[in-house]
Amino acid sequence: MPSHRRRRVTVGLLAATLAWTGCAAALAAPGEQGASLAVSERQPERRLRIGDPVPALEIEEWLTTGDRPAVTTFERGTAYVVVFFSAGQQPLEPLLNSVAALSDMFRARGVRVLGLTGEDARASRLAGEAAVRGAAASKRFAIGWDRGDRTRKAIVEASGQRTPPLVYVIDTQGRLAWYGVPGGTSAILEGVLSGTWDLERTRRDLERTEDLAWLRIAVIRAQRARDAARMQAAG
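Residues numbered from 1 in each chain as written. Predicted model: local features only at pLDDT ≥ 70, side-chain atom pairs only at ≥ 80, totals over all residues. Heavy atoms only, no water.

A. Local environment of the overall build of the protein. Assigned secondary structure in the protein consists of 7 helices and 6 strands. In the protein, the succession of α and β elements from N to C terminus is α-α-β-β-α-β-α-β-α-β-β-α-α. Counting across all 235 residues of the protein, residues that qualify as buried make up 45%. Within the protein, contacts between residues separated by at least 24 positions form 78% of all contacts whose residues are at least 6 apart in sequence. Here the protein has roughly 11300 Å² of accessible surface; of this, 53% comes from carbon and sulfur atoms. (Helix = DSSP H or I, 4+ residues; strand = E, 2+ residues; numbered from the N terminus. Buried < 20%, exposed > 50% of the residue type's maximum accessible area, 1.4 Å probe, protein only. Contact = heavy atoms within 4.5 Å. Areas by Shrake-Rupley, 256 points an atom, 1.4 Å probe, with all protein chains shown as cover.)

Set out below in structure tokens:
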């Protein structure tokens, strides 16, 4: 993939990620929102960065396995896509259909596509399992149930992200190649499989965009605090 196109893919998908995971409220104009910011108080610490080895998955149970044995570690020579999602997402079927289609598209090239979910505010264990197993698309790739929230903490929270669905692409060396919201993953995989995906540049672009978004959040928060102080002083 040409470098200019790769950069557009990286930055464009990250912008969508920020919008999806909680920064959208802070990135809009101050007059477009309520009095409070629906974002974390501080920028999350990054403990897992692009280019770092990705820890193994901690799976309590595989709800589905597709037509190949499920895996928990990332073997060299194989590229992986791990999709974190909430089993309580409504509607769930379109997301699982898109993940299954990605798995089908890259199956012959050895890419393993895995789904991972767990209990959360939107779905209990019983309801979550029923929703996943009841979706036809779930039979076409492996979906695991997180052991508590260990895998989510080790990968999603460690990379500074918050709310699924989130996609993580792992290269053939077991390193984190990209993360973000679903969409455009096939273009990233093409770069990873061809050996042209630039980890250093991806990390720089992703982190720069994230840092700028959080900086703007801080500016908006400060502006609102000043506005509130002025209103209070005015009586």
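B. Spotlight on the pattern of salt bridges. One pass over the full model with this rule turns up 21 salt bridges. The shortest N-O distance in the salt bridge between Glu129 and Arg125 comes to 2.2 Å. In this pair, Glu129 and Arg125 are both assigned in helix H4 (residues 125–133), 4 residues apart and thus about one turn of the helix distant. Classification of Glu129 as buried rests on a relative accessible area of 15%. In this structure, the salt-bridge partner of Asp205 is Arg201, at a minimum N-O distance of 4.0 Å. Of this pair, Asp205 and Arg201 both sit in helix H7 (residues 199–234), separated by 4 residues, roughly a single helical turn. By relative accessible area, Asp205 is classed as buried at 4%. The class of Arg201 is partly exposed, set by a relative accessible area of 23%. Look at the salt bridges and you will find they share partners, linking Arg46, Arg49, Glu207, Glu210 and Asp211 into a network. (Salt bridge = Lys/Arg side-chain N within 4 Å of Asp/Glu carboxyl O.)

C. Summary view of empty space enclosed by the protein. In this structure the tally under the stated criterion is 1 cavity of 30 Å³ or more. In this structure, the largest cavity encloses a volume near 50 Å³. Forming the walls of the largest cavity are Thr65, Gly66, Asp67, Arg68, Ser103, Arg107, Arg112, Val113, Arg140, Phe141 and Ala142. Of the residues contributing to the lining of the largest cavity, the split by class is 3 nonpolar, 3 polar and 5 charged. (1 Å grid on protein atoms, 1.4 Å probe; cavity = no way out; pocket = protein on both sides within 12 Å on 5 of 7 lines; lining within 4 Å. Points joined across faces, edges and corners; volume = space filled by probe spheres on them. Nonpolar A, V, L, I, M, F, W, Y, C, P; charged D, E, K, R; others polar.)

D. The layout of surface pockets, seen in detail. If you add up the space inside the largest pocket, you get close to 220 Å³. Around the largest pocket, the lining comprises 16 residues; the ones closest to its centre are Phe85, Gly118, Asp120, Arg152 and Pro164. Breaking the lining of the largest pocket down by element, the ones donating at least two residues are strand E3 (112–117) and helix H5 (150–157). No other element matches the 3 residues that H5 contributes to the lining of the largest pocket. Per-class residue counts for the lining of the largest pocket are 6 nonpolar, 3 polar and 7 charged.

E. Fine view of the confidence of the model for the protein. Looking at the protein, the pLDDT average stands at 85 and 82% of residues meet or exceed 70. Throughout residues 17–22 the model reports pLDDT below 50, and contacts reaching past four residues in sequence, or to other chains, amount to 20 contacts. A low-confidence stretch, residues 24–38 (pLDDT under 50), is modelled with 25 contacts involving residues beyond four sequence positions or located in other chains. (pLDDT = per-residue confidence, 0-100.)

F. Structural detail: the packing of aromatic side chains. Scanning the entire structure with this criterion turns up 3 aromatic pairs. Here a set of aromatic residues connected by ring pairs shows up, and it is made of Phe84, Tyr168 and Tyr179. (Phe/Tyr/Trp six-rings, centres within 6.5 Å; stacked < 30°, edge-to-face > 60°.)

G. Structural view of the packing of helix H3 (residues 93–106) against helix H6 (residues 185–194). Contact geometry for H3 and H6: axes closest at 11 Å, N-to-C directions at 30 degrees. Relative to H6, the element H3 lies roughly parallel. Regarding H3 and H6, the two cross each other, and that crossing is right-handed. Contact with H3, carried on its side by Leu102, Met105 and Phe106, involves Thr185, Ser186, Leu189, Glu190 and Leu193 of H6 and no other residues of that element. Counted by class, the contact of H3 with H6 contains 5 nonpolar, 2 polar and 1 charged residues. (Axes fitted to C-alpha atoms, helices over the stretch in contact; angles between N-to-C directions. Parallel < 35°, antiparallel > 145°, perpendicular 65-115°, else oblique. Left-handed = near helix turned anticlockwise from the far one by under 90°.)

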